Amino acid sequence: VSQSGLAVADWSQRANSTYIISFCLILLGSAPLLLCVPVILRESSFRMQAKMTRAMQRKDSGVMDSMGQQPTCLRRSNSDPCFGKTNGGNPTSPSNESTTVSFDRSEFVAALKLSPSTNGSSIGTVAVAGSPSANGSSGTDSSKKVLARRQTMNVFKSASLHTFDQEISSAPEMMPSVKAVVDKPVKNCCSANLPEAYRLEYKSLRVVLKVVLGYWLFAHMLGFAIFFSYFQFFEGAIQDKFFAEGLTPWCHALYLTVSSFQNNGLVMTPSSVMDFANSPVLLNTVGLLIFLGNVGLPIMVRLIVTILNRQAAPGSQRQQVLDFLLEHPRRCFTHMFPAVHTLWLLLVVIALNVMTTSVILWQDRYSPAMINLTSMNKFWNALFQSVSARTAGLNSVNIAFLSQASTFFLCVMMYLATTPTVVTMRLSAVVGKRGKAELDITGRAEGIEEAVLTGDDSLQGQARRYLTQDVTYLTMAMFLICCWEKDQFVRSAKDISPDSDGIYGDFTFFKVLFEIASAYGTCGLSLGYQDQTASFSAVWSTHSQVVLVLVMILGRLRGLPDSIDPSVRVAMEDHDMSAADQAHRFIHA
């Protein structure tokens, strides 16, 4: 359920509790949601480091003022700031190295009303009770005036809104400036405490979360609305069979939507989506959800950000954040690529789908799998099968009746699976200044000669390494399964069952190869066994099924980056510090 959707039992006959549990597991394995986890962790790390930066700045800023005196420490009492008399009644007494200043609220408000500022935008000229200027002092000592103003600024900064709202609102002339200081929230306080090089990046992370989560939610709502409306408000052979199987419209529509978008391959009907073979609307909706939930995610995310950027006001902060996200996508999200890489991914996906569709139509347009379909429905089913084969595992025709050429090509497509996306992700990886240079908006590495990208970091090198990294393990898995299932091979060769469904026999080497390719590609397609509705692996021994599970997990993990991806790193780099100093500062700040 959480990997490839190969069912060893009739999935249409499961209990409701099984459907609920599988529904939750499918959602937990949603690729867009899992990709948001590093973004959330990185955003939280930025907040934590901003707080640490503020704390360090306060700790490092304990310098003497112009009089050589330690800055005054203000204290809260009963959640109210208090300002009054200090030791000896002299708030500026140099004899007190660490002076705690307290005051009475009524005295402060009275002083505020009696001594309005001459400049409404400045709060530094407010007379303070207990200060020399409030006691009628001539104020010849400018240093004392500066200290009194600093104390007043600290009072305003530490004042609570709910405590002083009424008193301050009655203060004449000073009310606008005071209210502006007390009431107005400080926006982007986290980004303000980050180094300037990371402020736009921090704001871009929030944009990525909004775009991806909104995209995920909209795709599910769209798919559910189409499926539910078709099942509930239309009549036909599909609806009649649907209700005969005891399915409810909203339940089946929701499960089908989630399974399609997450590329899981499990549905509540016994024949996958073969009932939709004559319904282009349902077939294309399922195919669109499959595309949007997997290989189309990087393409659609960049498209959405580009549209938002064009709609943003010129020169606004929002446009600056979106520009940064478009120019440095791999610093913020693992599956958002530079423009050239995104275009390359789109062209590769289109080329693969066109080739698969052409092969199926060429070899099987008159085969038993498509003999009862119209010419237009043959095209839609071939296109759907090409989209579904690489990642989803939903079939609209009985693939056991497809020709050997078509099934072999589908086997290759399942092995490729998400190769274009993963290769693009690794190729466009961003490493800091100490590693490979960052890619610019055109997709070319900044500051690196073209000859450097002809080795393992090149497109050919990344694709070759990705496609061959697990060949040894797959060969061992195939060998072990053939050893443990040798009796099945012998029996199938001697006794041909009359219940065989398709042209591939009961138990053959090619069916085992096809099942392993489907498991490794986390696809879920199967050539089946005789006339049962479960996968071919349902008749395997327990040892072989365990090996197949390991192959599923191996295929699920092969798309991970070679090392810690730069877009999920949580620690900021300070290029003016050594690596040891950065680690010490991050840990002990």
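Residues numbered from 1 in each chain as written. Predicted model: local features only at pLDDT ≥ 70, side-chain atom pairs only at ≥ 80, totals over all residues. Heavy atoms only, no water.

Novice: Can you help me understand the packing of aromatic side chains in this one?
Specialist: Think of a pair of aromatic rings as described by two things: how far the centres are apart, and how the planes are tilted against each other in angle. Tallying each qualifying case throughout the model produces 19 aromatic pairs. An angle of 70 degrees between the planes, with centres 5.8 Å apart, marks the rings of Tyr-19 and Tyr-255 as edge-to-face. Placement of Tyr-19 in helix α1 (residues 16–28) and of Tyr-255 in helix α10 (residues 249–261) is noted, with a sequence separation of 236 residues between them. The same class applies to Tyr-19 and to Tyr-255, which are both buried. Taking 6.4 Å as the distance between ring centres and 85 degrees as the angle between the ring planes, the aromatic pair formed by Tyr-230 and Phe-231 counts as edge-to-face. (Phe/Tyr/Trp six-rings, centres within 6.5 Å; stacked < 30°, edge-to-face > 60°. Helix = DSSP H or I, 4+ residues; strand = E, 2+ residues; numbered from the N terminus. Buried < 20%, exposed > 50% of the residue type's maximum accessible area, 1.4 Å probe, protein only.)

Novice: Quick question: what am I supposed to make of helix α20 (residues 486–494) here?
Specialist: Given 3.6 residues per turn, any residue in an α-helix points the same way as the ones three and four places further on. Those residues of α20 not exposed but buried are Gln-488, Phe-489 and Ser-492. Projected down its long axis, α20 carries its buried residues within an arc of 100 degrees, all on one side. Set apart from the buried face of α20 by more than 90 degrees, the exposed residues are Lys-486, Asp-487 and Lys-494. Tucked inside the fold, the buried residues of α20 contact α19 (471–484) and α21 (509–520). (Arc of directions from axis to C-beta. Contact = heavy atoms within 4.5 Å.)

Novice: Sorry if this is basic, but what is going on with a nonpolar patch on the surface here?
Specialist: On the surface, Val-546, Val-549, Leu-550, Ile-553 and Leu-557 cluster together into a nonpolar patch covering about 430 Å² of accessible area. Relative to the assigned elements, Leu-557 resides in helix α22 (residues 542–557). (Patch = residues over 30% accessible without salt bridge, like charges linked within 9 Å, V, L, I, M, F, W, Y side chains within 5 Å. Areas by Shrake-Rupley, 256 points an atom, 1.4 Å probe, with all protein chains shown as cover. Salt bridge = Lys/Arg side-chain N within 4 Å of Asp/Glu carboxyl O.)

Novice: Help me understand empty space enclosed by the protein, please; the structure alone is not making it clear to me.
Specialist: The gaps left among the atoms become clear once a water-sized probe is rolled over them. Counted by the stated rule, this structure contains two cavities of 30 Å³ or more. Here the largest cavity defines a volume of roughly 50 Å³. Taken together, Phe-231, Ile-238, Lys-241, Phe-242, Glu-245, His-252, Thr-269, Asp-275 and Phe-276 form the lining of the largest cavity. In terms of residue count, helix α9 (residues 237–244) provides more of the lining of the largest cavity than any other element does, three residues in total. Split into classes, the residues belonging to the lining of the largest cavity amount to four nonpolar, two polar and three charged. (1 Å grid on protein atoms, 1.4 Å probe; cavity = no way out; pocket = protein on both sides within 12 Å on 5 of 7 lines; lining within 4 Å. Points joined across faces, edges and corners; volume = space filled by probe spheres on them. Nonpolar A, V, L, I, M, F, W, Y, C, P; charged D, E, K, R; others polar.)

Novice: Which parts of the structure should I look at to understand unusual backbone geometry?
Specialist: Excluding glycine, most residues fall at negative phi; most peptide bonds, likewise, are trans. Unlike most non-glycine residues, Asn-263 shows phi in positive territory, near 55 degrees. Counting through the fold element by element, Asn-263 comes out in the loop between α10 and α11 (280–293). Residue class for Asn-263 comes out buried when judged on its relative accessible area of 4%. Look at Ser-272: it is not a glycine, yet its phi comes out positive at around 55 degrees.

Novice: Can you help me understand the packing of helix α14 (residues 339–364) against helix α16 (residues 404–416) in this one?
Specialist: The packing of two helices is summarised by the inter-axis angle and the distance between the axes. As a packed pair, α14 and α16 sit with axes 9 Å apart at the nearest point and diverge in direction by 165 degrees. It follows that α14 is roughly antiparallel to α16 by the angle criterion. By crossing handedness, the relation of α14 to α16 is classed as left-handed. Note on element contacts: α16 touches α14 through Ala-405, Ser-406, Phe-409, Leu-410, Met-413 and Leu-416, opposite Leu-352, Met-355, Thr-356, Val-359, Ile-360, Gln-363 and Asp-364. Looking at side-chain class alone, the contact of α14 with α16 contains nine nonpolar, three polar and one charged residues. (Axes fitted to C-alpha atoms, helices over the stretch in contact; angles between N-to-C directions. Parallel < 35°, antiparallel > 145°, perpendicular 65-115°, else oblique. Left-handed = near helix turned anticlockwise from the far one by under 90°.)

Novice: Help me understand the side chain of Thr-407 in this model?
Specialist: Structurally, the position occupied by Thr-407 is in helix α16. Here Gln-404 takes part through its backbone oxygen, which lies 3.1 Å from a polar atom of the side chain of Thr-407. Setting aside its immediate chain neighbours within four residues, Thr-407 contacts Ile-399, Leu-402, Tyr-504, Phe-510, Phe-514 and Leu-527. (Polar contact = N/O pair within 3.5 Å; in protein donor to acceptor, adjacent residues only side chain to side chain.)

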